[in-house]
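Chain and residue survey
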Amino acid sequence: MNNSLPWPTEAEVLPLASMRGVLDRLASLVNTHEEDAALVPGLAVTEEEVAADPPPALEQIGDELGGIEVCGLTMLTLQIEDRTDVGPYTLLGPATSFYPLYETPEAAVVLALDEDGSPGAVYGIGEDLALQLAAEDLASYLARFADALENTLTALAERGPAADDTEKARTEAAEQLMDEHLFTEILGMTEAAPSAEVPLQDPAVAGIEGLPEGTLAVADLRTAPVGARVDLIEVDVPGDPLETHVAWSARGRVVAVLGG
């Protein structure tokens, strides 16, 4: 496995037992609908060389589950191979400060990682580069993902056997269903207003301790509901907002905007 990233090592490893219920549910859904879904093997059980470099805190989870594909499309991954700082990641910090769980050229779902590597909240990032709180933590996101997966696979089954469909039509249907049941909402692609807009504040008046040096603005989502949104482009800072980047703390619930 590729271990090229300088991951911090202070974070505790997420225990597999804490997610056993949702992992078993995901496995059961895939086994029940094996024509349309497949599990990507975890690092401990795969026989193939995997170039992914997940954070140490996900070691136990990643050893068991590598991801989930629906009609050939990767809808959940714990084995991202190529990391980039463009597209939906433009305003994020170093690769060790987040881990992608789903991505397209225009959007992504990421797990926020604090400075010590502790995993926290899960955010959706759409084309406007705003952050939208998708789940309080990885376990909550996997549960939300499982609900969407069940709805999608049930609808595909009602559509008829895969053999009765063209591969392209089945894949397009799967993508549309996962968007409908999950991604459209958490990536901010609906016309509905978000449940809450969390403003970016001057750190001098925000009253938040322990912010990184060079913080220009900060958003506090510690009490914000799932669905809350932070518009990073609208931040009032000197220079180009596209030259700033974010850092997380408080298990990903405090978002600091730092200079480029």
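Look up a bit, the structure's there.
A brief report on the enclosed structure follows.

**Re the sheet that holds strand β7 (residues 131-135)**
- Read across the open sheet, the 5 strands follow the order β4-β5-β6-β7-β9; overall the sheet is antiparallel. Of all strands in the sheet, those bounded by a partner on one side alone are β4 (98-103) and β9 (229-230).
- Note: strand β5 (residues 108-113) against strand β6 (residues 119-125), 5 bridges, orientation antiparallel. Each bridged residue has a counterpart across the sheet, and for Val 109 the counterpart in β6 is Gly 124.
- Most of the contacts of helix α3 (residues 138-159) go to β7, to which it runs at about 80 degrees, and overall it touches β4, β5, β6 and β7.

**Let's talk about the side chain of Arg 253**
- Residue placement: Arg 253 occurs in the loop between β10 (245-249) and β11 (254-258).
- No salt bridge is formed by the buried Arg 253; the nearest opposite charge belongs to Glu 136, separated by 4.5 Å.
- At 2.9 Å, the side chain of Arg 253 and the backbone oxygen of Ala 224 are in polar contact.
- Beyond its immediate chain neighbours, meaning those up to four positions away, Arg 253 contacts Ala 121, Tyr 123, Leu 133, Glu 136, Ala 219, Asp 220, Leu 221, Arg 222, Thr 223 and Ala 224.

**Remarks on the environment of Phe 183**
- You can see Phe 183 is positioned in helix α4 (residues 167-186).
- A C-alpha to C-alpha distance of 25 Å links Phe 183 and Ala 250, two positions 67 residues apart in sequence.
- When near neighbours in sequence (up to four residues on either side) are disregarded, Phe 183 contacts Met 75, Tyr 102, Val 109, Tyr 141, Met 178 and Met 189.

**Here's the deal with the packing of aromatic side chains**
- For the coordinates displayed, the defined rule picks out 4 aromatic pairs.
- Where Tyr 123 meets Trp 248, the ring centres are 5.0 Å apart and the plane angle is 25 degrees; that geometry is what we call stacked. Placement of the pair is Tyr 123 in strand β6 and Trp 248 in strand β10, with a sequence separation of 125 residues.
- Plain terms: the ring middles of Tyr 141 and Phe 145 are 6.5 Å apart, the flat faces sit at 40 degrees to each other, and that makes the pair tilted.

**Topic: α4**
- If you check α4, its first and last C-alpha atoms are 27 Å apart, about what 20 residues at 1.5 Å a residue would give, namely 28 Å.
- Listing the buried residues of α4 in full gives Arg 170, Thr 171, Ala 173, Ala 174, Leu 177, Met 178, Leu 182, Phe 183 and Ile 186.

**Section: α3**
- If you check α3, its first and last C-alpha atoms are 31 Å apart, about what 22 residues at 1.5 Å a residue would give, namely 32 Å.
- Capping the start of α3, Asp 137 holds a side-chain oxygen 3.4 Å from the backbone nitrogen of Ala 139, two or three residues further along.
- Just downstream of α3 lies Gly 160, where phi reads positive at about 120 degrees.

**Things to note about unusual backbone geometry**
- Residues other than glycine seldom take positive phi values, yet Ala 250 does so here, at roughly 55 degrees.
- With respect to the secondary-structure elements, Ala 250 resides in the loop between β10 and β11.
- With relative accessibility at 36%, the residue Ala 250 sits in the partly exposed group.
- In this model, Arg 251 sits at a positive phi of 55 degrees, which is unusual for a non-glycine residue.
- Looking at the secondary structure, you find Arg 251 in the loop between β10 and β11.
- The exposure class of Arg 251 is partly exposed, given its relative accessible area of 48%.

Here is what the cut-offs are and how they apply
- Residues numbered from 1 in each chain as written.
- Predicted model: local features only at pLDDT ≥ 70, side-chain atom pairs only at ≥ 80, totals over all residues.
- Heavy atoms only, no water.
- Pairing = 2+ DSSP bridges.
- Helix = DSSP H or I, 4+ residues; strand = E, 2+ residues; numbered from the N terminus.
- Contact = heavy atoms within 4.5 Å.
- Axes fitted to C-alpha atoms, helices over the stretch in contact; angles between N-to-C directions.
- Buried < 20%, exposed > 50% of the residue type's maximum accessible area, 1.4 Å probe, protein only.
- Lys, Arg positive; Asp, Glu negative; His and termini not counted.
- Salt bridge = Lys/Arg side-chain N within 4 Å of Asp/Glu carboxyl O.
- Polar contact = N/O pair within 3.5 Å; in protein donor to acceptor, adjacent residues only side chain to side chain.
- Phe/Tyr/Trp six-rings, centres within 6.5 Å; stacked < 30°, edge-to-face > 60°.
- Expected span 1.5 Å × (residues − 1).

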